[in-house]
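Reading the structure
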Amino acid sequence: MVKIRIGALDYPVKWMDDDWKEDTNAEGVHYPQKELKIAINGSDPTRTLIHEVMHAISNQCCLRLKEEQIHPLAIMLTRALKDAKLLKDVMVPK
Ligand SMILES: [Zn+2]
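Please read all numbers here as calculations on a predicted model, not as lab measurements.

A few words now on the confidence of the model for the protein chain. In low-pLDDT segments, the atomic positions of the prediction should not be examined closely. Of the residues in the protein chain, 94% reach a pLDDT of 70 or more, and the chain-wide mean stands at 86. Taking the mean pLDDT of every element in the protein chain, the minimum, 82, falls on strand β4 (residues 35-39) and the maximum, 96, on helix α2 (residues 67-83).

So, on to the pairing of β4. Burial analysis of β4 places four of its five residues in the buried class, which makes it a mostly covered element. Sheet analysis places strand β2 (residues 9-16) next to β4, joined by four bridges and oriented parallel. Residue pairing for β4: Met-16 is matched across the bridge by Ala-39. Pairing analysis gives four bridges linking strand β3 (residues 28-31) to β4, with the strands arranged antiparallel.

Right, let's get into α2. Here α2 contains 17 residues, and its C-alpha end-to-end distance of 24 Å stays within 8% of the 24 Å for a straight helix at 1.5 Å per residue. Immediately downstream of α2, the backbone of Lys-85 shows phi near 55 degrees, a positive value.

Calculation notes
Residues numbered from 1 in each chain as written. Predicted model: local features only at pLDDT ≥ 70, side-chain atom pairs only at ≥ 80, totals over all residues. pLDDT = per-residue confidence, 0-100. Helix = DSSP H or I, 4+ residues; strand = E, 2+ residues; numbered from the N terminus. Buried ≥ 20, exposed ≤ 12 C-beta atoms within 10 Å, placed from the backbone. Pairing = 2+ DSSP bridges. Expected span 1.5 Å × (residues − 1).

As structure tokens, then:
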């Protein structure tokens, strides 16, 4: 299982199939101090992972970033890091 350390906490990354998002359009979920859930078949799992990491950072640092702030930040940060070849695409387990 992949874990990502954010601050002093290790967040397990859980890869979820489509069943879990029946009642939401979310491609990821961040549970404060617990885990990050990422949709396997989401449009961009790498971007979704960065998005959920940003939620975790916002939570830990008490930044209170809103969804409408995190969403474009995650898109732009992912694009910038990929364009500079500083970010590999997330390898989604099959
Ligand atoms: Zn979000």
